[in-house]
Amino acid sequence: DQLGREAIALSQALAVLGDRVPLRLAASLAGIEMEDAGRLLDELVVAGILAPGHPLRFEHPLIGAAVRDTIPEGRRATLHARAARLLVAEARDPEEVAAHLLQAQPAGRADSVGLLREASAAARRCGAPQSALAYLERALAEPPSAEVRQALFAELSLAAWTAMDTNS
């Protein structure tokens with residue numbers, strides 16, 4: 001028996017968000033009402049796509065990768081942008097949000113620039129200079145406002161220097 005459009009959307013949302021997210025987040029990203037999410041979750045478990053129990057996770061990582069690969073690139077980028085906004089609303093860690101922004105298309109959003117800069121600072125504090133640099137490069141692509149651009153270039157220079165220094 002074939003899965004319906006909503007069950008596929010829920011599995012795709014989980015593939016974008018990653019395992020172990022609350023059902024309400026996956027349902028919200030998929031545009032599904034919570035009243036329907038439980039039923040759809042059961043369908044995905046019966047179909048062998050999701051593992052039974054909590055937290056939400058794919059039955060096997062290869063299934064998650066296969067589901068992710070079925071999402072057209074443009075739609076996947078849109079879902080990552082929406083996932084980032086959902087996670088911001090949940091006050092999630094800036095690096096978790098930034099990981100989604102790295103997969104989204106730049107949209108000229110000042111809040112995204114700020115979040116990516118914040119994630120870069122957190123990555124530098126944790127000793128992850130390559131991540132710090134990637135976040136700032138993505139912030140530059142957003143692009144930032146003229147008043148933020150100069151400060152961003154200074155941060156980018158420092159991050160690039162630090163990343164080169166750790167690669168030597």
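Residues numbered from 1 in each chain as written. Predicted model: local features only at pLDDT ≥ 70, side-chain atom pairs only at ≥ 80, totals over all residues. Heavy atoms only, no water.

(A) Inspection of the confidence of the model for the chain at higher detail. When pLDDT is averaged along the chain, the result is 93; 98% of the residues meet or exceed 70. Least confident of the elements in the chain is helix 9 (residues 146-167), whose mean pLDDT is 86; most confident is helix 1 (residues 5-17), at 97. (pLDDT = per-residue confidence, 0-100. Helix = DSSP H or I, 4+ residues; strand = E, 2+ residues; numbered from the N terminus.)

(B) Spatial organisation of the packing of helix 7 (residues 110-125) against helix 8 (residues 129-141). As a packed pair, helix 7 and helix 8 sit with axes 8 Å apart at the nearest point and diverge in direction by 165°. With respect to helix 8, the axis of helix 7 lies roughly antiparallel. Taken as a pair, helix 7 and helix 8 cross one another with a handedness that is left-handed. Residues Val113, Leu116, Arg117, Ala119, Ser120, Ala123 and Arg124 of helix 7 lie in contact with helix 8, whose contacting residues are Ser131, Ala132, Tyr135, Leu136, Arg138 and Ala139. Class assignment for the residues of the contact of helix 7 with helix 8 results in eight nonpolar, two polar and three charged. (Axes fitted to C-alpha atoms, helices over the stretch in contact; angles between N-to-C directions. Parallel < 35°, antiparallel > 145°, perpendicular 65-115°, else oblique. Left-handed = near helix turned anticlockwise from the far one by under 90°. Contact = heavy atoms within 4.5 Å. Nonpolar A, V, L, I, M, F, W, Y, C, P; charged D, E, K, R; others polar.)

(C) Spatial organisation of the environment of alanine 119. Along the chain, alanine 119 turns up in helix 7. Here the alpha-carbon distance between alanine 119 and alanine 132, two residues 13 residues apart in the chain, equals 7.1 Å. If we ignore the near neighbours within four places in the chain, the residues touching alanine 119 are Pro94, Glu95, Ala98 and Tyr135.

(D) The pattern of salt bridges, seen in detail. With the rule as written, the count across this model stands at eight salt bridges. Between aspartate 111 and arginine 109 there is a salt bridge; the shortest N-O distance is 2.8 Å. When its relative accessible area of 43% is taken as the criterion, aspartate 111 is described as partly exposed. Overall, arginine 109 belongs to the partly exposed group, its relative accessible area being 32%. A salt bridge links arginine 138 to glutamate 142, with the shortest nitrogen-to-oxygen separation between them at 2.4 Å. (Salt bridge = Lys/Arg side-chain N within 4 Å of Asp/Glu carboxyl O. Buried < 20%, exposed > 50% of the residue type's maximum accessible area, 1.4 Å probe, protein only.)

(E) Inspection of the side chain of arginine 138 at higher detail. Positionally, arginine 138 belongs in helix 8. You can call arginine 138 buried: its relative accessible area is 8%. In this view, arginine 138 contacts Leu101, Leu102, Ala104, Gln105, Pro106 and Leu116; residues no more than four positions away in its chain are not counted.

(F) The nonpolar core, seen in detail. With 47 residues, the main nonpolar core has Leu10, Leu17, Leu29, Leu50 and Phe58 as its most contacted residues. Broken down by secondary-structure element, the contributors of at least two residues to this core are helix 1, helix 2 (23-30), helix 3 (34-46), helix 5 (73-89), helix 6 (94-101), helix 7, helix 8 and helix 9. Here leucine 17 is in contact with Leu25, Ala26, Leu29, Ala83 and His100, once residues within four sequence places are set aside. (Core = buried A, V, L, I, M, F, W, Y, C linked by side-chain atoms within 4.5 Å.)

(G) Inspection of the environment of histidine 54 at higher detail. With respect to the secondary-structure elements, histidine 54 resides in the loop between helix 3 and helix 4 (61-70). Considered as a pair, histidine 54 and glutamate 155 are 101 residues apart in the sequence and their alpha carbons are 41 Å apart.

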